[in-house]
Amino acid sequence: MESSDVDLDLQRSVHAVLRELSAQAPALPSNQGMWRWSLHKKVERDPGKSPALVRILLRELEKAESEDARHVIIPLLHTLMYVLTKATGITEELHRRTYAFCTRLLTLPAPYCTIALDCAIRLKTETAVPGTLYQRLVIAEQNLTSELYPYRERVFLFVDPELVSPSVCSALLLEIEAAQGQQTPEACMRHVVSHALQAALGEACEAGVLQRKLQTSSRRALERYFHAVVAAVEQMASEPSPSREGHLERLEEIYCSLLGPAEAARGRCVGDRPQAQLPSIPLPSPHITFHLWTDEEQLWEELVLFLRLRSQLRLSADLEALDLQGFLPDQELARASVLSTDSGIERDLPWGADEPPTPGSPEVERAVLRRKGGIKKRVWPPDILMPGSWDGPPGLHRRIGRPSGDGELLPGVSRLHTARVLVLGDDRMLGRLARAYHSLRKRETQKFCLTPRLSLQLYYIPVLAPEKPTASRRSELGELAAFLGRADPWYESVVNTLCPAIRKLAEMPLSLDTSQTVDPFILDAITYYVRMGTQPIYFQIYAVKIFFSDLSQDPAEDIFLTELKVKIQDSKFPRDSLSPRRRGVAEGPGAELSICYQKALLSHRTREVTVSLRAAGLVLKALPASDTEGPTHCPPTAAPDIDHTCLNISVTEVVKTSNLAGRSFSTVTNTFRTANIQIQSQDQRLLTLLLDKDSCRMYRDVARFEVAPCPEPCSEAQKSKVLGLSSHQEEMERTKAKAKPLLMPINTFSGIVQ
């Protein structure tokens, strides 16, 4: 194909992606999300098209910048960075143009400047040391052993069989196994060596001869070349001012030793000989483990197992900075209690006990040798025990080349592991994930073992049941996915369009021959999402305390993420001793409710409102009604106050009217916003609570309940720190601790685009 034809074909594909982003009406369901995938497949099958695609994307980005078409900047920039990570024939001039464009975006507001800064930092290293992004990505995702780049990543795919059909689970599992069955460590090492040499040497590298040589190399020789290439790339990338020429010389030596001087010299003397099509170097999909969701403790167990396996292989000095109690069973943590015979009265002390023993005496030696069960005092940074500082110092990973997440949370302890937790399902699955996330954060206050070493990233792909023409259940169960699509248009185009494709995959006949799988669209889209989706949107988790009609039953505590629905039961209180004033209240539909809440004001002042009304039901929604109502979903760096967090309350009020025909009842919906609310039934009717639309999380016979933003679980050490302060300081510390709500992040491509 001629160069002009290649450019026209790629430009048509790019314009198709832009039309899908700009179209007011959605595209056909069969085409949604396919344009981006087909664009990347074109350059994957023919790597020689990569420079042309980079030039086209740069031209479109500069056009969007001049026309202030910001809605396409982030999608185009992500597409460009994905191509630059995989490509080998990109010139230094194209790298510098892309870097200059990213620096110009730093003047724009977030999230544009945030994403541009991350891209600029990676591009600066890639320009000086070509192939760095590809090499680091493959080493981390495939868990290849490297002393110079010890980072590890894993994708945990959780599917709840109660919410997702068995056919979907089986289809996803087969597609993942088919793709990863051919990704052996030897194949990944060959890809790293071949990509690094082609990216650095360019046309002087005989790509076909190089790949054939690597195919016939032994495992020991392949490992030797792999470690030599990784050392050359990482050592040059770690220098303050890396030299592209020095990097080229080092890789030329490796290239000559691999092919031999004669074959290497033949590659430099190609002259005007027409070049054959470059062989494709695939970017292996990340290591994905498939899990069927069982309970909320499963997330903690899988993360500890992932961290524990790597820690057993290499225990370095930095692990001594933390207590490893979090990795041990609870029974192993028990310490033998010693009965004390000290009465605490001075006169009961034996003679001479108030005199200090001389050094080296038997008493001192016995005291040293017999001391058991002591707690070693650890010196933490000032705010290390506060949950708000768990995200670590931002930007530290950029100086050491970390792929994502944080750098060091504690001095001497690096976060070498990244766990990307991907859940499939609807709003009910996200509610269960929120409970697991809350349980994990609560356990971290007791066993501080995961947070300092592990960067936890959460992802969500909606999988909804087929929509029936007469039912609106699908839209009800996909509210959070719809909000993410409104907040991030690229998420809407890439992720929200996967639901029909996943259902279509589940309807296809199963094939046990994993070698025949070609171009797995769903796995490619998942891979693109977990790699490029680095900007989280934070969702407030709400705590609910439930009081039952049976006073002998202890109150229950739970949390919800998206919705709490209140229904009026037909059953009544078991007791009939109601006050005379309330005997006639139970007539008519609904129940008499007392509602006490703090009204959300623009001035953020506290104003409590108490009303009594007859209602047929209530709905408490945590998601804003539109994209403009987003103060609850801001990053922690913005330090949101608890007053900014608002629930949208919809009360179906029952209105009684009297006329000549008798009494009649009608309903009217009242809405208001609040952060804290208490609701109590004033008559004989009880309430039923449904959390996150999940029938497994239903509470019946409820007389009263309270809802408030769920705070960050406070560690015991922080509580003891507060107890040792003066009354004024203690009050200030408690106020500061209460002002930190528990926010659950879900990663998208851009965060909230205003």
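Residues numbered from 1 in each chain as written. Predicted model: local features only at pLDDT ≥ 70, side-chain atom pairs only at ≥ 80, totals over all residues. Heavy atoms only, no water.

### Points about the overall build of the protein chain
A count of helices and strands for the protein chain gives 24 helices and 17 strands. In the protein chain, which comprises 754 residues, the share counted as buried stands at 49%. Sequence separation of at least 24 residues holds for 78% of the intrachain contacts in the protein chain that already meet a minimum separation of 6. Total accessible area on the protein chain is roughly 37,400 Å²; 52% of this is exposed by carbon and sulfur atoms. (Helix = DSSP H or I, 4+ residues; strand = E, 2+ residues; numbered from the N terminus. Buried < 20%, exposed > 50% of the residue type's maximum accessible area, 1.4 Å probe, protein only. Contact = heavy atoms within 4.5 Å. Areas by Shrake-Rupley, 256 points an atom, 1.4 Å probe, with all protein chains shown as cover.)

### Examining empty space enclosed by the protein
For the coordinates displayed, the defined rule picks out eight cavities of 30 Å³ or more. For the second largest cavity, the calculated volume is near 150 Å³. Those elements that provide at least two residues to the lining of the second largest cavity are helix H2 (34-45) and helix H4 (73-86). Of the residues that constitute the lining of the second largest cavity, the class distribution is nine nonpolar, five polar and two charged. (1 Å grid on protein atoms, 1.4 Å probe; cavity = no way out; pocket = protein on both sides within 12 Å on 5 of 7 lines; lining within 4 Å. Points joined across faces, edges and corners; volume = space filled by probe spheres on them. Nonpolar A, V, L, I, M, F, W, Y, C, P; charged D, E, K, R; others polar.)

### Remarks on helix H9 (residues 185-201)
If you check H9, its first and last C-alpha atoms are 24 Å apart, about what 17 residues at 1.5 Å a residue would give, namely 24 Å. Counting buried positions over the 17 residues of H9 gives 14, a clear majority of the element. At the exit of H9 stands Gly202, carrying a positive phi of roughly 65°. (Expected span 1.5 Å × (residues − 1).)

### Let's talk about the packing of helix H7 (residues 132-142) against helix H11 (residues 219-237)
Here H7 crosses H11 at 120°, and the two axes come no closer than 11 Å. In terms of their interaxial angle, H7 and H11 are classed as oblique. Along this stretch, H7 crosses H11, giving a crossing that reads as left-handed. Across from Thr132, Gln135, Arg136 and Ile139 in H7, the residues of H11 making contact are Phe226, Val229, Val230, Val233, Glu234 and Ala237. The residue makeup of the contact of H7 with H11, split by class, is six nonpolar, two polar and two charged. (Axes fitted to C-alpha atoms, helices over the stretch in contact; angles between N-to-C directions. Parallel < 35°, antiparallel > 145°, perpendicular 65-115°, else oblique. Left-handed = near helix turned anticlockwise from the far one by under 90°.)

### Structural notes on the sheet that holds strand S6 (residues 454-462)
Taken together, four strands build an open sheet; the order of strands is S2-S1-S5-S6 and the sheet is parallel. At either margin of the open sheet sits one strand with a lone partner, and together these are strand S2 (288-292) and S6. Geometrically, the sheet is characterised by an average inter-axis angle of 20° between neighbouring strands, direction not taken into account. As paired elements, strand S1 (residues 152-159) and S2 share five bridges and run parallel to each other. (Pairing = 2+ DSSP bridges.)

### Remarks on the environment of Val72
Position of Val72 relative to the elements: it lies in the loop between helix H3 (50-67) and H4. The spatial distance from the C-alpha of Val72 to the C-alpha of Val17 is 9.5 Å, given a sequence separation of 55 residues. Excluding residues that lie within four positions of it along the chain, Val72 makes contacts with Leu18, Leu21, Ser22 and Ala64.

### Here we look at the packing of aromatic side chains
A complete count under the given rule lists 13 aromatic pairs for this structure. For the pair Tyr82 and Tyr528, a centre-to-centre distance of 5.0 Å together with 85° between the ring planes defines the contact as edge-to-face. Highlighted residues: Tyr82 in helix H4 and Tyr528 in helix H22 (residues 521-532), separated in sequence by 446 residues. Tyr82 gets classed as buried once you look at its relative accessible area, which sits at 7%. Taken together, the ring pairs connect Tyr82, Tyr459, Trp490, Tyr491, Tyr528, Tyr529 and Phe749 into an aromatic cluster. Above the plane of the ring of Tyr528 lies Arg36, whose end atom (NZ or CZ) is 4.1 Å from the centre. Residue placement shows Arg70 over the ring face of Tyr112; its charged tip is 5.9 Å from the ring centre. (Phe/Tyr/Trp six-rings, centres within 6.5 Å; stacked < 30°, edge-to-face > 60°. Lys NZ or Arg CZ within 6 Å of the ring centre and 35° of its normal.)

### Examining unusual backbone geometry
Here Ala110 and Pro111 are connected by a cis peptide whose omega angle stands at 10°. With phi around 55°, Asn143 is a residue other than glycine that occupies positive phi space. Relative to the elements of secondary structure, Asn143 occurs in the loop between H7 and S1. With phi around 60°, Lys693 is a residue other than glycine that occupies positive phi space.

### Focus on the environment of Pro47
Within the secondary structure layout, Pro47 lies in the loop between H2 and H3. As for Pro47 and Val83, which are separated by 36 residues in sequence, their C-alpha atoms are 9.9 Å apart. Ignoring sequence-local partners within four residues, the contact set of Pro47 consists of Leu278, Pro279 and Ser280.

### Focus: the state of the cysteines
Under the definition given, this model contains zero disulfides. There is no disulfide at Cys102, and the cysteine sulfur nearest it, in Cys119, is 5.0 Å away. We classify Cys102 as buried; its relative accessible area is 0%. (Disulfide = S-S within 2.5 Å.)

### Comments concerning helix H6 (residues 112-128)
Across its 17 residues, H6 extends 24 Å between first and last C-alpha, which sits within 8% of the 24 Å expected from 1.5 Å per residue. For H6, the secondary structure elements touched by its buried residues are H4, helix H5 (92-104), H7, helix H12 (244-259) and strand S7 (535-540).

### Some details on the packing of helix H8 (residues 166-180) against helix H21 (residues 498-507)
Running from amino to carboxyl end, H8 crosses H21 at an angle of 90°, the nearest separation of the two axes being 8 Å. Between H8 and H21, the interaxial angle falls into the category roughly perpendicular. Here Ser167, Val168, Ala171 and Glu175 of H8 lie close against H21, whose contacting residues are Ile502, Leu505 and Ala506. A class-by-class count of the residues in the contact of H8 with H21 yields five nonpolar, one polar and one charged.

### Brief notes about the environment of Leu601
Turning to its location among the elements, Leu601 is positioned in the loop between strand S11 (591-599) and strand S12 (608-621). Leu601 sits in the partly exposed class, given a relative accessible area of 27%.

### Looking at the pattern of salt bridges
Tallied over the full model, the rule gives 33 salt bridges. With a shortest N-O distance of 2.6 Å, Lys693 and Asp427 are connected by a salt bridge. Here Asp427 lies in helix H17 (residues 427-444) and Lys693 lies in the loop between strand S15 (685-691) and strand S16 (698-709), a separation of 266 residues in the sequence. Each member of the pair, Lys693 as well as Asp427, is classed as buried. A salt bridge links Glu479 to Lys693, with the nearest nitrogen and oxygen atoms 3.1 Å apart. Of this pair, Glu479 sits in helix H19 (residues 479-487) while Lys693 sits in the loop between S15 and S16, and the two are 214 residues apart along the sequence. One connected set of salt bridges, linked through shared partners, spans Glu296, Arg435, Asp558, Asp692 and Arg697. (Salt bridge = Lys/Arg side-chain N within 4 Å of Asp/Glu carboxyl O.)

### Things to note about the confidence of the model for the protein chain
The share of residues in the protein chain with pLDDT of 70 or more is 70%, and the mean pLDDT across the chain is 79. Segment residues 375-401 is flagged for pLDDT under 50; beyond a separation of four residues in sequence, or across chains, it makes 52 contacts in the model. (pLDDT = per-residue confidence, 0-100.)

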